[in-house]
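Here is how the chains run, residue by residue.
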Amino acid sequence: MAQVVTLECRATEKGNRGRQTVTHETARKSRTVHTNLWGASPWSGLDVSFASRNQRFCASMCPVHKKFFEHFARGFRIRTGVMSRQDRAYSLELIHELLTRFELEWERQQEQGEINLIWLSAVMFLLVSSFGGMRGYEVVWTDLAALLHDVSRCENEEDFTGVGWPLVGRFKMEGGGFGGHVIPIAVTTKSGVEFFKWTQRFCFTLVTSGRSSGWAFARKNGERAKASDYRKVIFSELERIQEERKDLIDPKIEIWEDFGIQRSGRRFFDTACRLRGVSKLDIEAQCRWMKDRQARGVPVARDMVDCYTEYRLMKPALLRPSLAL
């Protein structure tokens, strides 16, 4: 009962941005707090774990996993009127408008002789999530040393078809362990987005600031950045576009609510690729959806074809999605 009271009290607290109360998604996080507290308590020793080759199950005595709390949680969800909706996708025209404004800001900062690294990282974050088909939290897993290596290789070998964007992290549905992916992105897309030019600017600025390894997207203390760190730069520019270009963003749209830093870029990638006739197989290979669907709840593992496929030899095929945008 104490856990139920805690959840109800949390749900009555004042919300952000003018909301009378917090959302259901925010309030229900108190359940996670109780689960973690239970796991750290002596009473968690009563729990029983069942382990198999790929998964582990736990029969827990934690109160928030009891039948009473489950019934309450379902009713609580209905009473709070929860409404889930996907992040709104950017349009290609909107991306071009953003890049035009970012280009002017880049020139202004160059004239002043100092580049704002947080601002430049936000621009790069937008480009990688939109043209690499990545979730926001995946973008910040970029390995800087590997990125510098591939950019240098492209320049030395004059391979200006595409750059491999290296990611290292715990990917969704891939077993929970650290894994790696190289996502090839076209140097220049069909609509004229100069991705490689911004990549070179990004890498040069990082090296100039004394960084050549670790996370490419990092905070001042060296910790890996979060996607939310770049939300203000991108969404503030979207607000200015909404005021000046109503043909690109409807005035009724709430920028900070309808767009999302995690999936608006990925939804743009999927939508734009389909509009331009990119095959479903290419889109799913880029976004790594095919394995998620085939796994049916089992952690995904790279198959032998993936293990023995040479990235550079497959580059022309892997570039098809981003090249078409």
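**Student:** So what's going on with the pattern of salt bridges? Which residues, and what values?
**Tutor:** When their charged atoms lie close together, side chains carrying opposite charge are able to pair. Enumeration over the complete set of coordinates arrives at 16 salt bridges. Between R135 and E138 there is a salt bridge, with the nearest N and O atoms lying 2.6 Å from each other. Comparing R135 with E138 shows no difference in burial state: the two are buried. Note that E237 and R240 form a salt bridge whose closest N and O atoms lie 2.9 Å from each other. Remark: R240 and E237 occur in helix 10 (residues 231–244); sequence separation between them is three residues, near one turn of the helix. Accessibility expressed as a relative area gives 11% for E237, which makes it buried. Overlapping salt bridges, with partners in common, bring together E97, R101, E237, R240, E244, R245 and D247 in one network.

**Student:** Before we move on, could you go through the nonpolar core and cite the residues and values that matter?
**Tutor:** Soluble globular proteins: nonpolar side chains tend toward being buried together. Y90, W165, W198, F217 and L238 are the most contacted members of the largest nonpolar core, which totals 65 residues. Of all the elements, helix 6 (residues 117–131) adds the most residues to this core, at 10 residues. Formed by five residues, the second largest nonpolar core is a distinct cluster that contains W38, C62, V64 and F69.

**Student:** Now, about the packing of aromatic side chains: what can you tell me, with residues and values included?
**Tutor:** Taken as a whole and assessed by the stated rule, the structure comprises 13 aromatic pairs. Ring geometry for F217 against Y230: centres 5.9 Å apart, planes inclined by 65°, an arrangement best described as edge-to-face. Taken as a pair, F217 in the loop between helix 9 (195–208) and helix 10 and Y230 in the loop between helix 9 and helix 10 lie far apart in primary sequence, 13 residues in all. Exposure remark for Y230: the relative accessible area of 3% places this residue in the buried category. An aromatic cluster of three or more residues is present, and its members are F102, W106, W119 and W198. Looking at R201, its charged tip hangs above the ring of W198, at a distance of 4.6 Å from the centre. Above the ring of W215, the side-chain terminus of R224 is found at 5.2 Å from the ring centroid.

Conventions adopted
Throughout this description, residue numbers start from 1 for each chain and increase along the sequence as written. The predicted nature of this model means local features are confined to residues of pLDDT at least 70 and side-chain atom pairs, given and counted, to a pLDDT of 80 or more, with totals for whole chains, interfaces and linings taken over all residues. Excluding hydrogens and water, the side-chain values take into account all heavy atoms of the structure. Salt bridge, as used here: a side-chain nitrogen of Lys or Arg that lies within 4 Å of a carboxyl oxygen of Asp or Glu. To sort residues, take the accessible area from a 1.4 Å probe on protein chains only and compare it with the maximum for the residue type: under 20% means buried, over 50% means exposed, and anything in between is partly exposed. Think of it this way: any DSSP run of H or I at least four residues long counts as a helix, any run of E at least two long counts as a strand, and we number them from the N terminus. To define a nonpolar core, start from buried Ala, Val, Leu, Ile, Met, Phe, Trp, Tyr and Cys residues and group those joined through side-chain atoms within 4.5 Å. Two rings belonging to Phe, Tyr or Trp (six-membered ring only in the last case) form a pair when the distance between their centres is within 6.5 Å. Interplanar angles under 30 degrees mark stacking, angles over 60 mark edge-to-face geometry, and anything in between is tilted. In this scheme, the term charge over a ring applies when either NZ of a lysine or CZ of an arginine sits within 6 Å of the ring centre and within 35 degrees of the ring normal.

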